[in-house]
Amino acid sequence: MVFTGITRTFSTRNEQQYETIGAFWSEMERKYDCARLRGLGYNWTVDSIEYVIGLIDGVVESRV
């Protein structure tokens, strides 16, 4: 699978990832139509998760 987009690492301590990934989505929704976005979590560990948001069709700009 190839998934391109903007990736960030979030803390999973005290379940922080839900709030911070939600803020990441809000940031991306200000730039792109929500219906065009897709997200993928990966490399989940005890302390962190990496999460990427990209477009269903097209390429996300490297700076949001």
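Since we're looking at a predicted model, the values are computed, not measured. (Residues numbered from 1 in each chain as written. Predicted model: local features only at pLDDT ≥ 70, side-chain atom pairs only at ≥ 80, totals over all residues. Heavy atoms only, no water.)

S.K.: When you look at the packing of aromatic side chains in this model, what are you seeing that I'm missing?
M.R.: Aromatic ring pairs are described here by two measures, namely the spacing of the ring centres and the angle between the planes. Counted according to the given criterion, the structure contains one aromatic pair. Ring centres of F10 and F24 lie 5.8 Å apart, and the angle between their planes is 40°; on these two criteria the pair is classed as tilted. You can see F10 sitting in strand 1 (residues 6-11) and its partner F24 sitting in helix 1 (residues 17-31), a full 14 residues away along the chain. The class for F10 is buried, based on a relative accessible area of 8%. With a relative accessible area of 1%, F24 lands in the buried category. Directly above the ring of F3 sits R38, whose terminal nitrogen or CZ lies 4.6 Å from the centroid. (Phe/Tyr/Trp six-rings, centres within 6.5 Å; stacked < 30°, edge-to-face > 60°. Helix = DSSP H or I, 4+ residues; strand = E, 2+ residues; numbered from the N terminus. Buried < 20%, exposed > 50% of the residue type's maximum accessible area, 1.4 Å probe, protein only. Lys NZ or Arg CZ within 6 Å of the ring centre and 35° of its normal.)

S.K.: Hey, could you run me through helix 1 in this one?
M.R.: An α-helix turns once every 3.6 residues. As a result, residues three or four positions apart point the same way. An ideal rise of 1.5 Å per residue puts 21 Å on 15 residues; helix 1 measures up with 21 Å between its terminal C-alpha atoms. Residues of helix 1 that are buried include every one of Q17, I21, F24 and M28, and no others. Viewed end-on, helix 1 has its buried residues packed into an arc of 50°, placing them on one side of the element. Seen from the open side of helix 1, the exposed residues pointing more than 90 degrees away from its buried face are Y18, E19 and R30. Lining the buried residues of helix 1 we find strand 1, strand 2 (37-42) and strand 3 (48-55). (Expected span 1.5 Å × (residues − 1). Arc of directions from axis to C-beta. Contact = heavy atoms within 4.5 Å.)

By themselves, these figures tell us nothing about what the structure is for.
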